[in-house]
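Coordinate inspection notes
Take a look at the letters that make up each chain.
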Amino acid sequence: MNENMIFKDHVSVMNVDIHNDEIESTKAVVRSFDYDTGKFTYKLTKDGVPLSLSGASKVNVTLMFGGDAKAILDATTVDSIESIISFVYPEQFLSYSGQVLGEVSIQYSNGQSLVAGYFSLVVKGANIDDQTDLKQRIYVERFEDLESMITKQAKEVDVKVGDMTGKVTEIEKKIEENDLVTKPEAGKLEDFREQDFSIIEKLKNESIERGANIKWYGALGDGKTDDSNAFNEVMKMNDVVVIPSGIYHIKQAHIPKNKTIIGIGKVVLNLSKVSQPVLGGIQDNVTVHNIIFNSLEENLEWNRIDITNKKHITLVDCSFVGFRHPGLMPNSWGVYIDKSKFINLIRCGFDDNTQSDITIVEGCSHINIDSCFNYYDIEKGIHINIEPNASDKITENVSIRNTKMSKYTCWEYQFTFQSTKNILVENCEILKYNFFGGDTTFINSIIRSIITKKIAKDTILFGARIKMNGALNLSSNLILDDTASDFSLNKPARWGMQYFDGSLKSSINRIKENGKTLIRLGDLSRAGSYRMRAETVTGDNLNVKLGDQFAITLEGYSKRDEKTNWPSIYCQLAFYDVNDLAIPDSTVWVSMQRLSKLDTVSDFSKMTTFVTITDERIKKMRLILTNGKDFSNGELYISGVSLQQVLWDGKYGNSDISEFSHNNPLTLKTMPTNTSNHINFFKGEKVYVLEDDMYVGAIPQESGHNVNFKKFGKIE
């Protein structure tokens, strides 16, 4: 921000307190002429000391106007240590008149968020600036009289000023020849001509400030007449366009850049195609208020309102209905957003759009969807689909708030690449969560059902970075050892050998990194297949039935060399019948790390996927960790593993994805007698051994596989 800028400042302290619900009356007045000068600065405190913002990812200021209108601003962090933030009242809302309620909220990078407090201010008009609300003043009586006057004159004389001047000259000549005006009080004819010019100039000013009416350009809005030419002309000639109540038949409505479109009353644009299938397109820096976009095409592929390679578009109180392309592979959407940023859809309605109501594909950022709904039946919700279609263009910073969704779909383009990032779903109800591996954080939301891939031969499920925060009801961890530490090749243990190709010492070891103990599975020095199975609450195989759903979570990272194939497959699910016989063609592989083919080390992450038992023959399920789908040089570093059942029908569970017991003492099923058959130990760590239903305490005397233990008795 320019340091030489002048501001009208309001400075205050906002104390974060759960018992404080008061709204600070700032007594600040912002005038309609205060362009970029109404500055508000707050010092955020808690218990009288600064509330540090060093871990904050975003500080927002929400301004709420009369009715349901609101605006969400990004506040500037002036000092993160002293917790000082500021914002400048935005110029696009200077035309509002009345009280404004403000809310300051903070989002932290660890997933937490809070409301810091509330304040109020007042916006009033300035004498130098006669701006008021456009919807309230667009049709005042003076403006209607003006329109009527100009329309009448335009029928008598040409609209062009030169032609009108010629007409007046002819009238003047006739008057003088016939001596029709002789009295001085009649005034000079030049005065009449001057008035003609002033009226036209005034009309021009009204068009710029208040908007040009589409009906001035010949539109009828009767639902029958083709109003396409009038629509295109008014868009071409004016920056602000007003469309009165009516039904307008438009062939492919394309809105140029830098336009504001305002509908008054119920405005319907009935759209039909000419040659291109896209029925509507919107360019940069466009705001549209209160327009219903209705497709008349019953079966049109690529049918949509298109926002591609665009920025700074806001759609408020609009609706998108009837964009249809029926069939097994439908390609039609209400609003289609591609490689675009800073797009806002606020209080918009959707219905009867075949594939989805809103689709966000690759390369998009800063997409805000707030308070959207089903146009015909609010209880149905809308379908929002986040579907990146390219591996090199990530879609990030998408927020969906206060919206009921019939279906929420979030895809990962491929399992070796992260194509979604920072996707937030807040204050939403999701009737169907169509899980396809896209990262999502849920806050104060609820999921009613989950759709996953069906179990089939070599099905691959994608893992995702998911934060449920209570959106799903999950059981406790059904795996007995959540850190995979109790492993043995041939002794009773909570993790056993599924398949090993190579020595135990070279293929599986415990290591310490960054304060955590991890299990390394695999060997970079040689290709092999190393697989270990988990003991669950019902044994090596967990009892399941048709329709059961489970969340599988793996925390850790992975390595590979350039020769390794399938570098992201690190978990396998095997299925068995009631007699413990394997179900043919039912193996599921899970991609639990995003290690691209260009990288050799992945990020440390916590990845979750969902699986549904879709075959009635399946009665048991086994979870297996592996260093790769086939023989591989890959290495998996495991920090935590969980298998949780999704609980429906009012059953109570943990309501979130498991945390892992990293710092707990190591618990073994039996005391190792030949430690070369067991996982390695560290000198001095406590080991609790479950023998004869009693815990026995022991301490390794050295580190490694072949160690001596010093027992210190039973642990009561």
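Residues numbered from 1 in each chain as written. Predicted model: local features only at pLDDT ≥ 70, side-chain atom pairs only at ≥ 80, totals over all residues. Heavy atoms only, no water.

1. Remarks on the overall build of the protein
Filter applied, for reference: Numbering of helices and strands starts at the N terminus; helices are DSSP runs of H or I of at least 4 residues and strands are runs of E of at least 2. Buried residues are those whose accessible area, probed at 1.4 Å on protein chains only, stays under 20% of the maximum for their type, while exposed residues exceed 50% and partly exposed ones sit between those limits. Contacts between residues were defined by any pair of non-hydrogen atoms, one from each residue, lying within 4.5 Å. Exposure was quantified through the Shrake-Rupley algorithm and a 1.4 Å probe, taking into account, for residues, occlusion by the shown protein chains and nothing else.
Across its full length, the protein carries six helices and 56 strands. Considering the protein as a whole, with its 716 residues, one finds that 52% of them fall into the buried category. Residue pairs at least 24 apart in sequence account for 70% of intrachain contacts in the protein once pairs closer than 6 positions are excluded. Carbon and sulfur atoms make up 49% of the accessible area of the protein, which totals about 33900 Å².

2. Notes on the sheet that holds strand β29 (residues 373-374)
Note the threshold: Pairing between two strands is assigned when DSSP locates at least 2 bridges connecting them. Note on definitions: angles span 0 to 180 degrees between N-to-C directions of axes, and those axes are lines fitted to C-alpha atoms, for helices only across the stretch in contact.
The seven strands are arranged β12-β14-β17-β20-β23-β26-β29 in an open sheet whose pairing can be described as parallel. Of all strands in the sheet, those bounded by a partner on one side alone are β12 (222-226) and β29. Pairing of strand β14 (residues 246-251) with strand β17 (residues 267-272) involves six bridges; the strand directions are parallel. When the bridges of β17 are listed, Ile 250 appears paired with Leu 271. Taken strand by strand, helix α5 (residues 228-237) contacts β12, β14 and β17, and its axis lies near 85 degrees from that of β14.

3. Considerations on a nonpolar patch on the surface
Rule in force here: Exposure above 30% relative accessible area and the absence of a salt bridge qualify a residue for a patch, where like charges join within 9 Å and nonpolar side chains (Val, Leu, Ile, Met, Phe, Trp, Tyr) within 5 Å. Salt bridge criterion: a side-chain nitrogen from Lys or Arg within 4 Å of a carboxyl oxygen from Asp or Glu.
Taken together, Phe 33, Tyr 35 and Ile 128 make up a surface patch of nonpolar side chains, about 320 Å² in accessible area. Mapped onto the elements of the fold, Ile 128 is located in the loop between β10 (113-124) and α1 (134-137). A relative accessible area of 64% means that Ile 128 is categorised as exposed.

4. Things to note about the pattern of salt bridges
Per the counting criterion, the structure on display carries 27 salt bridges. Between Arg 324 and Asp 352 there is a salt bridge whose closest N-O contact spans 2.8 Å. With Arg 324 in the loop between β23 (319-321) and β24 (332-338) and Asp 352 in the loop between β26 (349-351) and β27 (356-360), this residue pair connects regions lying 28 residues apart in the sequence. A salt bridge links Asp 615 to Arg 617; the shortest N-O distance between them is 2.7 Å. In this structure Arg 617 comes out as partly exposed when scored by relative accessible area, which is 43%.

5. Some remarks on the sheet that holds strand β13 (residues 240-243)
Taken together, eleven strands build an open sheet; the order of strands is β11-β13-β16-β19-β22-β25-β28-β31-β33-β36-β40 and the sheet is parallel. Taken across any chain shown, the strands that pair with only one partner, and hence form the sheet edges, are β11 (212-213) and β40 (466-467). Both strand β16 (residues 259-263) and strand β19 (residues 286-289) contribute to a ladder of four bridges, which runs parallel. Counted as the bridge partner of Thr 260 is Thr 287 from β19.

6. A closer look at the nonpolar core
Rules: Only buried residues count toward a nonpolar core. Its members are Ala, Val, Leu, Ile, Met, Phe, Trp, Tyr and Cys residues joined through side-chain atoms within 4.5 Å.
Among the nonpolar cores identified, the biggest contains 70 residues, and Tyr 408 and Tyr 433 are the most heavily contacted of them. With four residues, the top contributor of residues to this core is α5. When sequence neighbours within four positions are dropped, the list of residues in contact with Tyr 433 reads Tyr 408, Gly 438, Thr 440, Phe 442, Ile 447, Ser 449, Ile 450, Ile 451, Ile 466, Met 468 and Phe 610.

7. So, the packing of aromatic side chains
Inclusion rule: Note on ring pairs: Phe, Tyr and Trp rings are taken, using the six-membered ring of Trp, and paired if centres are within 6.5 Å. Classes follow the plane angle, with under 30 degrees stacked, over 60 edge-to-face and the rest tilted.
The full count for this structure, using the stated rule, is 20 aromatic pairs. When the ring of Phe 435 is compared with that of Phe 610, the centres are 5.1 Å apart and the planes differ by 80 degrees; the resulting orientation is edge-to-face. Note that Phe 435 is positioned in strand β35 (residues 433-436) and Phe 610 in strand β50 (residues 605-612), a separation of 175 residues in sequence. Residue classification places Phe 435 among the buried positions, given a relative accessible area of 5%.

8. As for unusual backbone geometry
A positive phi is found at Asn 397, a non-glycine position, where the angle reads about 55 degrees. Take Asn 397: it is sitting in strand β31 (residues 395-401).

9. Describing α5
Under the convention used in this document: Each C-beta atom gives one direction from the helix axis, and the arc is the one those directions make.
The complete set of buried residues in α5 reads Ser 228, Ala 230, Phe 231, Val 234 and Met 235. Burial along α5 is one-sided: seen end-on, the buried residues are contained in an arc of 165 degrees. Turned more than 90 degrees away from the buried face of α5, the exposed residues are Asn 229, Lys 236 and Met 237.

10. Some words on the confidence of the model for the protein
Caution applies to low-pLDDT parts of the model: their predicted coordinates are not meant to be read in detail. Stated formally: Known as pLDDT, the predictor's per-residue confidence is scaled from 0 to 100.
Of all residues in the protein, 83% have pLDDT values of 70 or greater, and the mean over the chain is 84. Ignoring residues within four places in sequence, the model shows residues 178-197, a span with pLDDT below 50, making 16 contacts including any to other chains.

11. Digging into the pairing of strand β32 (residues 404-411)
Pairing geometry for strand β30 (residues 382-386) and β32, over five bridges, is parallel. Residue pairing for β32: Asn 385 is matched across the bridge by Thr 409. Direction of pairing for β32 relative to β35: parallel, over a ladder of four bridges. Residue Thr 409 lies in a different strand from β35, and its bridge partner there is Asn 434.

12. Focus on the environment of Gly 349
One can find Gly 349 in strand β26. A relative accessible area of 0% places Gly 349 in the buried class. The spacing of Gly 349 and Val 316 is 33 residues in sequence and 9.8 Å in space, taken between C-alpha atoms.

13. Some points on the state of the cysteines
Each disulfide consists of one covalent bond between the sulfur atoms belonging to two cysteines. To keep things clear, this is the line we draw: Any two cysteine sulfur atoms lying within 2.5 Å of each other are counted as a disulfide.
Per the stated rule, a full pass over the model turns up zero disulfides. Counting only cysteine sulfurs, Cys 348 is the nearest neighbor of Cys 318, a cysteine outside any disulfide, at a range of 5.1 Å. By relative accessible area, Cys 318 is classed as buried at 0%.

14. Side note on the side chain of Thr 440
We apply this condition: For this analysis, a polar contact is any N or O atom pair within 3.5 Å, provided that within protein one partner can donate a hydrogen and the other can accept it, and provided that sequence-adjacent residues contribute only side-chain to side-chain pairs.
Along the chain, Thr 440 turns up in strand β36 (residues 440-443). Its relative accessible area of 1% is what places Thr 440 among the buried residues. A polar contact is formed between the side chain of Thr 440 and the side chain of Tyr 408, at a distance of 2.8 Å. When sequence neighbours within four positions are dropped, the list of residues in contact with Thr 440 reads Tyr 408, Cys 410, Ile 423, Val 425, Tyr 433, Arg 465, Ile 466 and Lys 467.

15. Let's talk about the environment of Phe 681
Within the secondary structure, Phe 681 is located in the loop between β53 (666-668) and β54 (687-691). For Phe 681, a relative accessible area of 0% gives the class buried. When the C-alpha positions of Phe 681 and His 705 are compared, they lie 6.4 Å apart, and in sequence the two are 24 residues distant.

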